[in-house]
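# Structural description and commentary
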Amino acid sequence: MSYKKVILNEFGGPEVLQVVKEATLPEPGAGEARIKILAASATFTDTMVRKGVYYGFKETLPLSPGYDMVGVVDKVGAGVSGLKVGQMVADLTVWGAYTEYMIRPADSLVPVPAEVSPTDAVSMVLSYVTAYQMLHRVAKVERGQSILIHGAGGAVGTALIELGRQLDLKMYGTASASKRELVEELGAVHIDYAKEDFVARMQAEGKVDAAFDAISGENFKRSFKSLKKGGILVPYGFYDQAMGRGGNVAIDYMSVALWNILPNGRKASFYSIGDLRKKQPEWFKEDLGALFGLLTAGKIKPAIERRMKLEEAAQAHELIEQAAVKGRLVLMVNKK
Ligand SMILES: NC(=O)c1ccc[n+]([C@@H]2O[C@H](COP(=O)([O-])OP(=O)(O)OC[C@H]3O[C@@H](n4cnc5c(N)ncnc54)[C@H](OP(=O)(O)O)[C@@H]3O)[C@@H](O)[C@H]2O)c1
């Protein structure tokens, strides 16, 4: 049976994404499962993989982007137990999920409750686990504390606001004017970063206990200044650098490490979903399971602005790089 996938033969703009047809389905080896993909997120991180600027990424071309997916088990290889054909599962793939079928190690799959929709479920994998682990595993925020979220109208930003609401946090979110309504609806105070100096605002508001920043460079420094004594900065991305707006990842890492050891009464700790998953694989499963629990209990509802077809991956990337997506964008792949 043939199937479609989106590949890139060279790193570059959205136009390098091509839809191709593979003649036969891949066969799962021992310990593996073939997944029929239902939904895959299209995220800013995928655009970095596509451009060849994703820090530390060493895979060779051709490859498919696609950092996460939800699908159903289609076939299992020898020695796989505990997985049933037809069962819905999720995984953080890092690359490769822009496809109708893919092979995954059976032990990396996380069961998805049958009552959850594939689009809601896939929203949990990269964006919500990132938000959840930064809040609970890194910053360890406590009920009622205050936080500053940059990129508050994006995929991770909206996840941080939704999860912060569960903890009754006082939240400030920077975003352009186009995302004001969404940020406020979700429950944060909107700060238009183009018009207002967020450091001055934070100083006026008494500063925050934690700041979550994926913008990079000068923004990290300014977020650090916005912290109360005992506060923590969690840098987790390099948005400006990926957008070609200058800056230097190595210098950012060194600066953050330095701020963390200087006697300034505040902390700074980088977060990477991939690094933490390597160190604590059980936490990833546990935290994703907790998020599925919040979904089934109706306590969270991911802000999904757009659903597009797998074949529209190039247009999806264009929208993401224009910051034209409010919340998140999901690629719909197979029907159940
Ligand atoms: N470390 C990890 O494990 C991890 C995991 C997931 C994502 N990330 C990183 O986190 C970042 C965000 O990912 P995402 O999926 O949430 O991307 P996204 O959905 O594209 O959201 C980013 C948002 O930032 C806003 N923005 C741009 N410049 C800004 C500025 N100077 N100040 C405040 N907001 C600004 C953009 O919209 P407006 O300008 O219209 O407000 C956009 O909504 C990316 O760099 C990604 O690689 C890291």
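See the structure above.
These lines cover the structure that appears in this document, whether it is placed above or below. (Residues numbered from 1 in each chain as written. Predicted model: local features only at pLDDT ≥ 70, side-chain atom pairs only at ≥ 80, totals over all residues. Heavy atoms only, no water.)

### Overview of the site of the ligand
Near the ligand you find 25 residues, and of these Ser-176, Lys-179, Tyr-193, Tyr-236 and Ile-273 are the closest. For the ligand, a nitrogen atom lies 2.7 Å from a polar atom in the backbone of Tyr-236. In the complex, the protein chains occlude 91% of the 910 Å² of accessible area that the ligand would expose alone. Of all elements in the fold, only helix 1 (44-51), helix 2 (118-138), helix 3 (155-166) and strand 9 (170-175) reach the threshold of two or more residues within the shell around the ligand. For the shell around the ligand, the element with the highest residue contribution is helix 1, accounting for 3 residues. Of the residues in the shell around the ligand, the class split is 15 nonpolar, 9 polar and 1 charged. (Near = heavy atom within 4 Å. Polar contact = N/O pair within 3.5 Å; in protein donor to acceptor, adjacent residues only side chain to side chain. Areas by Shrake-Rupley, 256 points an atom, 1.4 Å probe, with all protein chains shown as cover. Helix = DSSP H or I, 4+ residues; strand = E, 2+ residues; numbered from the N terminus. Nonpolar A, V, L, I, M, F, W, Y, C, P; charged D, E, K, R; others polar.)

### Quick look at the environment of Phe-57
Inspection of the secondary structure assignment puts Phe-57 in the loop between helix 1 and strand 4 (68-76). Setting aside chain neighbours within four positions, we find Phe-57 in contact with Val-49, Leu-63, Val-94 and Trp-95. (Contact = heavy atoms within 4.5 Å.)

### As for the layout of surface pockets
The gaps of empty space that remain are located by a probe, the size of a water molecule, rolled over the atoms. By volume, the second largest pocket is sized at about 260 Å³. Around the second largest pocket sit 15 residues that line it, and Lys-5, Trp-95, Gly-96, Met-102 and Ile-103 are the ones nearest its centre. Listed by contribution, the elements that provide at least two residues to the lining of the second largest pocket are strand 1 (3-7) and strand 6 (101-105). Grouping the amino acids of the lining of the second largest pocket by side-chain chemistry returns 9 nonpolar, 4 polar and 2 charged. (1 Å grid on protein atoms, 1.4 Å probe; cavity = no way out; pocket = protein on both sides within 12 Å on 5 of 7 lines; lining within 4 Å. Points joined across faces, edges and corners; volume = space filled by probe spheres on them.)

### Examining the pairing of strand 4
Bridge analysis of strand 3 (residues 32-42) against strand 4 gives 7 bridges, and the strand direction is antiparallel. Counterpart to Ile-37 in the pairing with strand 4 is Gly-71. Two strands pair when backbone bridges link them, and strand 4 and strand 5 (residues 88-92) are joined in this way by 5 bridges, in the antiparallel orientation. Residue pairing across strands places Val-70 opposite Ala-90, the latter belonging to strand 5. (Pairing = 2+ DSSP bridges.)

### Description of the packing of helix 2 against helix 10 (residues 281-296)
Interaxial distance between helix 2 and helix 10 falls to 9 Å at its minimum, and their mutual angle equals 115°. On the basis of the axis angle, helix 2 is roughly perpendicular to helix 10. Here helix 2 runs over helix 10; the crossing is right-handed. Residue-level inspection shows Asp-120, Ala-121, Met-124, Val-125, Tyr-128, Val-129, Tyr-132, Gln-133 and Arg-137 of helix 2 in contact with helix 10, the latter providing Trp-283, Phe-284, Glu-286, Asp-287, Leu-288, Ala-290, Leu-291, Phe-292 and Leu-295. (Axes fitted to C-alpha atoms, helices over the stretch in contact; angles between N-to-C directions. Parallel < 35°, antiparallel > 145°, perpendicular 65-115°, else oblique. Left-handed = near helix turned anticlockwise from the far one by under 90°.)

### Topic: the pattern of salt bridges
All told, the structure shown has 23 salt bridges when counted by the stated rule. Arg-34 serves as the salt-bridge partner of Asp-74, at 2.8 Å between the closest nitrogen and oxygen. Here Arg-34 lies in strand 3 and Asp-74 lies in strand 4, a separation of 40 residues in the sequence. Residue Asp-74 is classed as partly exposed on the basis of its relative accessible area, which comes to 25%. (Salt bridge = Lys/Arg side-chain N within 4 Å of Asp/Glu carboxyl O. Buried < 20%, exposed > 50% of the residue type's maximum accessible area, 1.4 Å probe, protein only.)

### Regarding the sheet that holds strand 10 (residues 189-192)
In spatial order, the strands read 10-9-8-11-12-13; together these 6 strands make up an open sheet with parallel pairing. Whereas interior strands pair on both sides, the edge strands pair on one side only; in this sheet they are strand 10 and strand 13 (267-268). Looking at chain direction, strand 8 (residues 146-149) and strand 11 (residues 208-213) are connected through 3 bridges and run parallel. Bridge pairing in strand 11 links Ile-149 to Phe-212. Against the sheet, helix 3 touches strand 8, strand 9 and strand 11, its axis set at about 170° to strand 9.

### Digging into the side chain of Asn-264
Of note, Asn-264 is situated in the loop between helix 8 (249-261) and strand 13. Judged by its relative accessible area of 13%, Asn-264 falls in the buried class. Leave out the neighbours within four places in its chain, and Asn-264 touches Phe-224, Lys-229 and Trp-259.

### Remarks on helix 11 (residues 313-321)
Of all 9 residues in helix 11, 7 are buried, a share of seventy percent or more. Among all positions of helix 11, only Ala-313, Ala-314, Ala-316, His-317, Leu-319, Ile-320 and Glu-321 are buried. Among the residues trailing helix 11, Ala-323 stands out with phi positive, at a value near 55°.

### Here we look at the environment of Arg-180
When you line up the elements, Arg-180 lands in helix 4 (residues 180-186). Arg-180 gets classed as partly exposed once you look at its relative accessible area, which sits at 41%. Distance in space between the C-alpha atoms of Arg-180 and Ala-152 is 9.1 Å, their sequence separation being 28 residues.

All we've got here are geometric facts, nothing functional implied.
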